[in-house]
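# Chains, contacts and geometry: an overview
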Amino acid sequence: MSQIRVAVITISDSVAAGTREDLSGVALQKRATELGWSVVGTRLIEDDTVKIATELRKLADAGLVDVIVTTGGTGVALRDVTPEAARSIAAREIPGFGELMRIEGRKSTKFAPLSRGGAVTRGSVLIVNLPGSPRGAVDSLNAVTDLIPHVVDLLHGRTEHAKPAS
């Protein structure tokens, strides 16, 4: 397997406007680097379904990334529209990602079940929607980190499983 190429998108009206620092996106970039992944791009986008969907589509279709992680817009507030934007451009949903992130998140915060984060695919790209807080984003990514290389392999047609040692 080759190195995983990842883009990090921070979705926040205040961060996009420059009135708040992007702590979550920076935390995810750091974690991705620690995992040995290559961060090939970052974006700041306001909470807008069309703008989010457009950026996700553009990044996924460019063929330059294997994984897009988003942070922000996964709650229940009216401006939280990231999951809807991701689903609007997706080929498939992977419900288990969101389930696992919420189960693991519940161990540290009672509000984890309110997150609508999850994962979808578009072409050969995995898109993972994570919460907007730095801790929630990294903890949720950590919950699914061991699944991501396998999903990337499958999306790139590498479907043979390792043979057991004899």
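Keep in mind it's a predicted model, so treat the numbers as computed, not measured. (Residues numbered from 1 in each chain as written. Predicted model: local features only at pLDDT ≥ 70, side-chain atom pairs only at ≥ 80, totals over all residues. Heavy atoms only, no water.)

## So, the environment of Leu-100
- Its place among the elements puts Leu-100 in helix α5 (residues 95–105).
- Residue contacts for Leu-100: discarding those within four places in its chain leaves Ala-143, Val-144 and Leu-147. (Helix = DSSP H or I, 4+ residues; strand = E, 2+ residues; numbered from the N terminus. Contact = heavy atoms within 4.5 Å.)

## Some points on the side chain of Thr-70
- Here Thr-70 lies in strand β3 (residues 67–71).
- Here Asn-129 takes part through its side chain, which lies 2.8 Å from a polar atom of the side chain of Thr-70.
- Beyond its immediate stretch of four places on either side in the chain, Thr-70 contacts Ile-9, Ile-11, Leu-56, Thr-82, Val-128, Asn-129 and Leu-130. (Polar contact = N/O pair within 3.5 Å; in protein donor to acceptor, adjacent residues only side chain to side chain.)

## Some points on the packing of α5 against helix α6 (residues 134–144)
- Look at α5 against α6: their axes get within 9 Å of each other, and the N-to-C directions meet at 120 degrees. Put simply, α5 runs oblique to α6. Considering the relative orientation of α5 and α6, their crossing is right-handed. Residues Phe-97, Leu-100, Met-101 and Glu-104 of α5 pack against Ser-140, Ala-143 and Val-144 of α6.
- For the contact of α5 with α6, the residue count by class is 5 nonpolar, 1 polar and 1 charged. (Axes fitted to C-alpha atoms, helices over the stretch in contact; angles between N-to-C directions. Parallel < 35°, antiparallel > 145°, perpendicular 65-115°, else oblique. Left-handed = near helix turned anticlockwise from the far one by under 90°. Nonpolar A, V, L, I, M, F, W, Y, C, P; charged D, E, K, R; others polar.)

## Focus: the environment of Ala-77
- Positionally, Ala-77 belongs in the loop between β3 and α4 (82–89).
- Overall, Ala-77 belongs to the partly exposed group, its relative accessible area being 47%.
- Along the chain, Ala-77 and Asp-66 lie 11 residues apart, while their C-alpha atoms are 29 Å from each other. (Buried < 20%, exposed > 50% of the residue type's maximum accessible area, 1.4 Å probe, protein only.)

## Some thoughts on the packing of helix α2 (residues 23–34) against α6
- Viewed as axis vectors pointing N to C, α2 and α6 meet at an angle of 30 degrees, and their least axial separation amounts to 8 Å. The orientation of α2 relative to α6 falls into the category roughly parallel. Seen along the crossing, α2 lies across α6 with a hand that is right-handed. The segment α2 lies against α6, with Leu-23, Ser-24, Ala-27, Leu-28 and Arg-31 engaging Pro-134, Ala-137, Val-138, Leu-141 and Asn-142.
- A class-by-class count of the residues in the contact of α2 with α6 yields 7 nonpolar, 2 polar and 1 charged.

## Description of the sheet that holds strand β5 (residues 118–122)
- Pairing is mixed across the open sheet formed by 6 strands, whose spatial order is β2-β1-β3-β6-β5-β4. Single-partner strands in this sheet number two, and they are β2 (38–45) and β4 (92–93).
- Here strand β1 (residues 5–11) pairs with β2 via 7 bridges, running parallel. Following the sheet pairing, Ile-11 is matched in β2 by Ile-45.
- Where α5 meets the sheet, it contacts β4, β5 and β6 (125–130), and its direction lies at approximately 30 degrees from that of β6. (Pairing = 2+ DSSP bridges.)

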